[in-house]
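Each chain, written out:
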Amino acid sequence: AVVSTQSTGDIVIDAQVTQSLYVFRCDNSVITVKGKINSITIDNCKKCGIVVDSLVASLDIVNSNSIKLQVYDKAPIVIVDKTDGCQIFVQKATGSDTEFVTAKSFEVNI
């Protein structure tokens, strides 16, 4: 879990397929997840960037503002809930296999 970081720069996490990541109250940070991870939850974060190699299950963005997400390989489901200002970048080859779910969110760009 990454909790309450402010302007720390880049945070790099080496992930394993059995792990899940929970990011809570991060401001002005870039989190890079290398390797394949089971799931990621971004909760109550502001002006953060998330860079992910590959996901097995889902990536949830909840109660956040100004989030940028980039997925290099595969993300089966991306859920954006109660978030204002979210930009999602997926690869053209695997982006068509990704399912996007949004609720109570503004300014979501894919």
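One can find the structure itself at the top, above this paragraph.
Residues numbered from 1 in each chain as written. Predicted model: local features only at pLDDT ≥ 70, side-chain atom pairs only at ≥ 80, totals over all residues. Heavy atoms only, no water.

**Let's talk about the overall build of the protein chain**
Filter applied, for reference: Under the scheme used here, helices are H or I runs from DSSP no shorter than 4 residues and strands are E runs no shorter than 2 residues, and both carry numbers assigned from the N terminus. To get the radius of gyration, use the C-alpha atoms; to get the globule rule, take the number of residues to the power 0.38 and multiply by 2.2 Å. The cut-offs for exposure are 20% and 50% of the maximum accessible area for each residue type, with area from a 1.4 Å probe on protein chains only; residues under the lower value are buried, those over the upper are exposed, and the others partly exposed. In this description, accessible areas are obtained by the Shrake-Rupley approach with a 1.4 Å probe, and a residue is regarded as covered only by the protein chains that are shown.
Summing up its helical and strand segments, the protein chain has one helix and twelve strands in all. In the protein chain, the succession of α and β elements from N to C terminus is β-β-β-β-β-β-β-β-β-β-α-β-β. For the protein chain, the C-alpha radius of gyration of 12 Å lies close to 13 Å, the compact-globule estimate for 110 residues. Its C-alpha atoms give the protein chain principal-axis dimensions of roughly 35 × 30 × 20 Å. Among the 110 residues that make up the protein chain, the fraction classed as buried is 39%. When the accessible surface of the protein chain is split by element, carbon and sulfur atoms take 48% of a total near 6000 Å².

**Thoughts on the nonpolar core**
Defined as follows: Only buried residues count toward a nonpolar core, which is a set of Ala, Val, Leu, Ile, Met, Phe, Trp, Tyr and Cys residues joined through side-chain atoms within 4.5 Å. Here a residue-residue contact requires only that any non-hydrogen atoms of the pair lie within 4.5 Å.
Counting residues in each nonpolar core, the largest one holds 26 residues, and the members touching the most others are Leu21, Ile40, Ile42, Ile61, Ile67 and Leu69. Ranked by the residues each element gives to this core, the list is headed by strand β6 (residues 46-55), at four residues. In contact with isoleucine 42, not counting residues within four places along its chain, are Val23, Ile50, Asp60, Ile61, Val62, Ser64 and Ile67.

**Considerations on the pairing of strand β8 (residues 65-71)**
What counts, and what does not: Think of it this way: DSSP has to see at least two bridges between two strands before they count as a pair.
Examined bridge by bridge, β6 and β8 share six bridges and lie parallel to one another. Bridge pairing in β8 links valine 52 to valine 71. Direction of pairing for β8 relative to strand β10 (residues 84-90): parallel, over a ladder of six bridges. Counterpart to lysine 68 in the pairing with β10 is glutamine 87.

**Considerations on the environment of lysine 104**
Inspection of the secondary structure puts lysine 104 in the loop between β11 (99-103) and β12 (106-109). Given the relative accessible area of 67%, lysine 104 is considered exposed. Separated by 55 residues in sequence, lysine 104 and glycine 49 place their C-alpha atoms 21 Å apart. Setting aside anything within four residues of it in sequence, one finds lysine 104 in contact with Asp81, Lys82 and Thr83.

**Quick word on the environment of aspartate 60**
Mapped onto the elements, aspartate 60 comes out in strand β7 (residues 58-62). Setting aside its immediate chain neighbours within four residues, aspartate 60 contacts Ile40, Thr41, Ile42 and Ile79.

**Structural notes on the state of the cysteines**
The term disulfide refers to a covalent linkage connecting the sulfur atoms of a pair of cysteines. Keep this limit in mind: Count a disulfide wherever a pair of cysteine sulfur atoms falls within 2.5 Å.
Applying the stated criterion to the full structure yields zero disulfides. The thiol of cysteine 26 is unpaired, and the distance to the nearest cysteine sulfur, on cysteine 45, comes to 4.7 Å. Since its relative accessible area comes to 0%, cysteine 26 is described here as buried.

**What to know about unusual backbone geometry**
Here asparagine 44, not a glycine, exhibits a phi torsion of approximately 55°, which is positive. If you trace the backbone, asparagine 44 turns up in the loop between β5 (39-43) and β6. Overall, the relative accessible area of 29% leaves asparagine 44 in the partly exposed class. With a phi angle near 50°, serine 66 is a residue other than glycine that sits in the positive phi range.

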